[in-house]
Protein chains: 2
Amino acid sequence: MGKNLTKRSEDYSKWYNELVVKADLAENSGVRGCMVIKPYGYAIWEKMQAELDRMFKETGHQNAYFPLFIPKSYLSKEADHVEGFAKECAVVTHYRLKNAEDGSGVIVDPDAKLEEELIVRPTSETIIWDTYRKWIQSYRDLPLLVNQWANVVRWEMRTRLFLRTAEFLWQEGHTAHATREEAVAEAEQMMHVYADFAENFMAMPVIKGVKSESERFAGAVETYCIEALMQDGKALQAGTSHFLGQNFARAFDVKFANKEGKQDYVWATSWGVSTRLMGALIMTHSDDNGLVLPPKLAPIQVVIVPIYKGEEQLSAISEKVAPLVRELRSKGISVKYDNRDTHKPGWKFNEYELKGVPVRLAIGQRDMENGTYEVARRDTLEKETVHEDDVVSRIENLLEDIQQRIYQKALEHRRTHITEVNSFEEFKEVLESKGGFLSAHWDGTAETEDTIKELTKATIRCIPLDAEEEEGKCIYSGKPSGRRVLFAKAY
Amino acid sequence: MGKNLTKRSEDYSKWYNELVVKADLAENSGVRGCMVIKPYGYAIWEKMQAELDRMFKETGHQNAYFPLFIPKSYLSKEADHVEGFAKECAVVTHYRLKNAEDGSGVIVDPDAKLEEELIVRPTSETIIWDTYRKWIQSYRDLPLLVNQWANVVRWEMRTRLFLRTAEFLWQEGHTAHATREEAVAEAEQMMHVYADFAENFMAMPVIKGVKSESERFAGAVETYCIEALMQDGKALQAGTSHFLGQNFARAFDVKFANKEGKQDYVWATSWGVSTRLMGALIMTHSDDNGLVLPPKLAPIQVVIVPIYKGEEQLSAISEKVAPLVRELRSKGISVKYDNRDTHKPGWKFNEYELKGVPVRLAIGQRDMENGTYEVARRDTLEKETVHEDDVVSRIENLLEDIQQRIYQKALEHRRTHITEVNSFEEFKEVLESKGGFLSAHWDGTAETEDTIKELTKATIRCIPLDAEEEEGKCIYSGKPSGRRVLFAKAY
């Protein structure tokens, strides 16, 4: 039943790359660093989008759309921001091609040079705050709660499917508020929305926290984040929400008249998650047989495979299965009945295991005689025989159970991979031997943070929101520290 | 109650531009030719997307995502295609900015020049067919039915909100088939899907037809289209579906093994509609008071405005209205209860007329006493008093009635603006005096078509699918013609 998939224990990175391609999620394109998201992968992303979009709207946000291009001068208006993004920008300089005079083909027309270069958006704070200046005059225009689903481009030198690509898909929320408190509350709220989504839909436990200054978004006053732990012990930042203070309002001169009629700069947040979540989903649950998908995000929740010899058996099975398919669909369960005669049942079993379909039913001649189905769950690969009268309720039950079980499994993995360490020796030893999050005292300086990063490749993933005050000494410098932070190697 | 909206009879073009901005649909951005789609406008586009996406999936298509960038060499592989798109391309030439040495700011880093320029996709046939080569080996891989929701860029010199913008949002379907017949059937099917959407959701009647050779998509063998007629007598191409033959398969070497094991090039289609539909929607139904939206695409279908003096009256009204809001929502009707105390009822009435909310309810002290609501419909501006026991069924009824009535009104407008003309004098006279579609004999040559265009600005919008065979003479050349085609000035 070979899937020709590298084992995770052999080479985790290779396993990941192979799985993304073999499970028909995505592949590299002819354009450096840009991926093609294939229909099966895109169907998962669409399910993510639908849930997130619902959650954004329930918290009062509206969608809008802003330009793909950002004039170079806009990007430069916020000093930290341009510093953070200038090194990886795709730059549009011309607006026309023409035939080469020597007949050698099509060339860029030198007469069609733009007066000002345009940057393909790496994120949209600048173009959006240039727009908000026109939308905001008074406190009555606030809060302004807007989200955008879009593509963005960051010219990364080393790319990996979903995890780091030159172009990726994401949503970016950009909100404007009358007070600092409201903006902070919004940034915190969106971190909680992301955590809710990660845990209840992706079945992926996350730690909520704030970033250290060095890891903050370019232009932010505070960056809130959710951090997940992958199977290989590396962390993955799954979403960020930034309190931007008045930085962008000042850069783009966005003022409002408050209730007392006084002019003040507007307070801002921005927050985003991207197709990177696809990578997180894969590395949280999947195994050596392929994808394991949480039922709530699986494009196909149940697959039914007929096992038959000849047309007659197949029609008998198809007739029996039809009302079951209808009943499941009426309950909002997505079902595929795979009666293709071009592939054998064993091939199909393999295929749906690889693609992470949560529940598989098989029905053959003996099942027909006994009024049963063979029911297999993807997460444990356990099989059972279920009577047709009980099969619908068993499926409903299994879908819930799988969603819960894979979450608990990931939670248990994380629990056993958070280690308190109290010296730099211990830090290095645990980082090397088992990875995961290292809970350690840190003196709060960027200098120590940088040195630890250089020596170990571990970074501060976050200062957890629920970190308790605790007297201690920085594992590296020995200076006093008031609470532990979480270090890890990260994607 | 001034909306300060130019009257259509005074200056149709100005009316359109003002309405798009005043109704909060879209506005120009700081980037030449690129628009910002504002939340209210985007909400309408989202409703369009949702219906179209459902229709695509019901006809067996899946969504996927392909790169934003196209290597220059790809674009050049299909000769007609590059000819059609090279003149309006945004070209990425560099991948980094840096600080200028003289401290004058941020400049393009000359050391970060791309080896091959990248074009921001104007349409995705080339990058997609380069991908399909990897996906298609055998007839078992066909048909391949894929759609993409994306942004595209065409560097138009003269732009107008929604109608012609440098960047626009659209969907592009790209399908691959084993036979010519299947591909033609697909292209025709999608034209019918578009027509179904235009008529049943946008309430906009359309004429289905094929384009003349000069008006065909660059690279197509046949272009099917739906053509709508705007209130000012100009036509608008609302959607196109192309039969591409084997042109792109040849250009990108996409072959498949047929059932007999023989290699053949794959047959292709592509089809798209864009945010241009927003412009068509506006110019089909709206009036001097603002937008008129078909209930099926209105983000807010019913607005309820309380008319009150003081907090006490407002709470009494709010209490009465709450169960009505719940009941309407439970029926899937989107309702807004606008109890803001920052604006007067008259201001709100104006605002919702401007924004085209199909049904408006008002309730004041006398209504409270009588158990009634004042119910106004946006399309005719008629008002009536409805007892609270009947108000839900009246609203349901009105929403259906408005949807039908505005369709019928647009259909009647089109019926009275299709004129059979039999001489070039008559052609020019009718084109000048009332515009609309001119049904005329044409000799089938590009030469005549071009001359008529030069002399009158009218183009052949389509050769209608239901055109009957009829002996006649070309209105310009007098040469024989077998059927009439439709000319019009067009957006």
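Residues numbered from 1 in each chain as written. Chains lettered and ligands numbered in written order. Predicted model: local features only at pLDDT ≥ 70, side-chain atom pairs only at ≥ 80, totals over all residues. Heavy atoms only, no water.

If you look chain A up in an unreviewed UniProt entry, it shows as Proline--tRNA ligase from Sinomicrobium pectinilyticum. Under the heading Subcellular location (unreviewed entry), UniProt records this for chain A: "Cytoplasm". One UniProt comment on chain A, placed under Catalytic activity (unreviewed entry), says "tRNA(Pro) + L-proline + ATP = L-prolyl-tRNA(Pro) + AMP + diphosphate". (UniProt positions renumbered as here; feature names shortened; annotations may be inferred.)

S.K.: Tell me about the side chain of T165 of chain A, and name the residues and values.
M.R.: Residue and element names in this part refer to chain A. Topologically, T165 is positioned in the loop between strand 9 (144–153) and strand 10 (167–177). Only 2.8 Å separates the side chain of T165 from the backbone oxygen of E167, close enough to count as a polar contact. Contact partners of T165, with chain neighbours within four places excluded, come to G33, M35, R154, E156, T159 and R160. (Helix = DSSP H or I, 4+ residues; strand = E, 2+ residues; numbered from the N terminus. Polar contact = N/O pair within 3.5 Å; in protein donor to acceptor, adjacent residues only side chain to side chain. Contact = heavy atoms within 4.5 Å.)

S.K.: Kindly report on the pattern of salt bridges, identifying the contributing residues and their values.
M.R.: Tallied over the entire structure, the rule returns 67 salt bridges over all chains. Between E222 of chain A and R216 of chain A there is a salt bridge, and its shortest N-O distance comes to 4.0 Å. According to the relative accessible area criterion, E222 of chain A is partly exposed, its value standing at 24%. Judged by its relative accessible area of 27%, R216 of chain A is partly exposed. Between R377 of chain A and D401 of chain A there is a salt bridge, and its shortest N-O distance comes to 2.8 Å. Of this pair, R377 of chain A sits in strand 20 (residues 372–377) while D401 of chain A is found in helix 12 (residues 391–415), placing the two residues 24 residues apart along the sequence. Judged by relative accessible area, D401 of chain A falls into the partly exposed class, the value being 34%. Sharing partners across several salt bridges, the network here consists of D24, E27, K38, E351 and K355 of chain A together with K134 of chain B. (Salt bridge = Lys/Arg side-chain N within 4 Å of Asp/Glu carboxyl O. Buried < 20%, exposed > 50% of the residue type's maximum accessible area, 1.4 Å probe, protein only.)

S.K.: If you had to explain the interface of chain A and chain B to someone new, which residues and values would you point to?
M.R.: Of the residues lining the interface, 66 residues belong to chain A; the matching set on chain B comes to 66 residues. When the area that chain A buries against chain B is broken down by residue, the three leading residues are P39, Y65 and L97 of chain A, summing to 13%. Our count for the chain A to chain B interface comes out at 4 salt bridges. Between E27 of chain A and K134 of chain B there is a salt bridge whose closest N-O contact spans 4.0 Å. Across the chain A-chain B interface, the total number found is 28 residue pairs in polar contact (both at pLDDT 80 or more). Of the residues in the side of chain A that touches chain B, the class split is 38 nonpolar, 12 polar and 16 charged. Here strand 5 (residues 91–94) of chain A pairs with strand 5 (residues 91–94) of chain B via 3 bridges, running antiparallel. (Buried area = accessible area lost by both parts, 1.4 Å probe. Nonpolar A, V, L, I, M, F, W, Y, C, P; charged D, E, K, R; others polar. Pairing = 2+ DSSP bridges.)

S.K.: I'd love a proper account of the packing of helix 2 (residues 39–58) of chain A against helix 6 (residues 180–200) of chain A, names of residues and values included.
M.R.: All names here are of chain A. It is at 11 Å that the axes of helix 2 and helix 6 come closest, and there the two elements cross at 145 degrees. Crossing of helix 2 over helix 6 shows right-handed handedness. Packed against helix 2, whose contacting residues are M48, E51, L52, M55 and F56, the element helix 6 presents M190, V193, Y194, D196 and F197 at the interface. Residues of the contact of helix 2 with helix 6, tallied by class, amount to 8 nonpolar, no polar and 2 charged. (Axes fitted to C-alpha atoms, helices over the stretch in contact; angles between N-to-C directions. Left-handed = near helix turned anticlockwise from the far one by under 90°.)

S.K.: Run through the relation of the copies chain A and chain B, naming residues and quoting values.
M.R.: Mapping one chain copy onto the other needs a rotation about an axis and a shift along that axis. Between chain A and chain B, which share one sequence, the superposing operator has a rotation angle of 180 degrees and an axial displacement of 0.0 Å; the RMSD is 0.0 Å. In the structure described here, the two chain copies are related by an operation that fits a two-fold rotation axis. Considering only C-alpha atoms, the residue of chain A closest to the rotation axis is V92 of chain A, which sits at 2.1 Å. Mapped onto chain B, 100% of the interface residues of chain A again fall at the interface, so both copies present the same surface. (Least-squares fit on C-alpha atoms with pLDDT ≥ 70 in both.)

S.K.: Any chance you could break down the UniProt feature "domain: Aminoacyl-transfer RNA synthetases class-II family profile" (unreviewed entry) in chain A for me, citing the residues and the numbers?
M.R.: The feature "domain: Aminoacyl-transfer RNA synthetases class-II family profile" (unreviewed entry), as annotated in UniProt, sits at residues 27–294 of chain A in this numbering. Taken end to end, residues 27–294 of chain A is 29% helix and 32% strand, and its two terminal C-alpha atoms sit 22 Å from one another.

S.K.: Account for the side chain of E18 of chain B, with residues named and values stated.
M.R.: Note that E18 of chain B resides in helix 1 (residues 12–22). In contact with E18 of chain B, not counting residues within four places along its chain, are N4, L5 and T6 of chain B.

S.K.: So what about the environment of E46 of chain A? Which residues, and what values?
M.R.: As for its placement among the helices and strands, E46 of chain A is situated in helix 2. Once you skip the residues sitting within four places of it in the chain, E46 of chain A turns out to touch D53, K57 and N63 of chain B.

S.K.: Before we move on, could you go through the sheet that holds strand 17 (residues 302–306) of chain B and cite the residues and values that matter?
M.R.: All names here are of chain B. Strand order across the open sheet formed by 5 strands is 18-17-19-20-21, with mixed pairing between neighbours. A strand with exactly one partner marks an edge of an open sheet, and here the two such strands are strand 18 (335–337) and strand 21 (383–387). Within this sheet the neighbouring strands show an average axis-to-axis angle of 25 degrees, counted without direction. When strand 17 meets strand 18, the two strands line up parallel, connected through 3 bridges. Along strand 18, the bridge assignment pairs V303 with K336. Against the sheet, helix 10 (residues 345–354) touches strand 17, strand 18 and strand 19 (359–363), its axis set at about 170 degrees to strand 17. Sheet strands touched by helix 12 (residues 391–415): strand 17, strand 19, strand 20 (372–377) and strand 21. Its angle to strand 20, the strand with the most contacts, is close to 5 degrees.

S.K.: Please set out the packing of aromatic side chains residue by residue, giving values where relevant.
M.R.: By the definition in use, this model includes 40 aromatic pairs over all chains. An angle of 10 degrees between the planes, with centres 6.1 Å apart, marks the rings of F243 of chain A and W267 of chain A as stacked. In this pair, F243 of chain A is assigned in strand 13 (residues 235–245) and W267 of chain A in strand 16 (residues 267–274), connecting sequence segments 24 residues apart. Just as F243 of chain A is buried, W267 of chain A falls in that class too. Put simply, the rings of W45, F56, W149, Y194 and W271 of chain A touch in pairs and so form one group of aromatic residues. Over the ring of Y491 of chain B we find K234 of chain B, and its NZ or CZ is 4.3 Å from the ring centre. (Phe/Tyr/Trp six-rings, centres within 6.5 Å; stacked < 30°, edge-to-face > 60°. Lys NZ or Arg CZ within 6 Å of the ring centre and 35° of its normal.)

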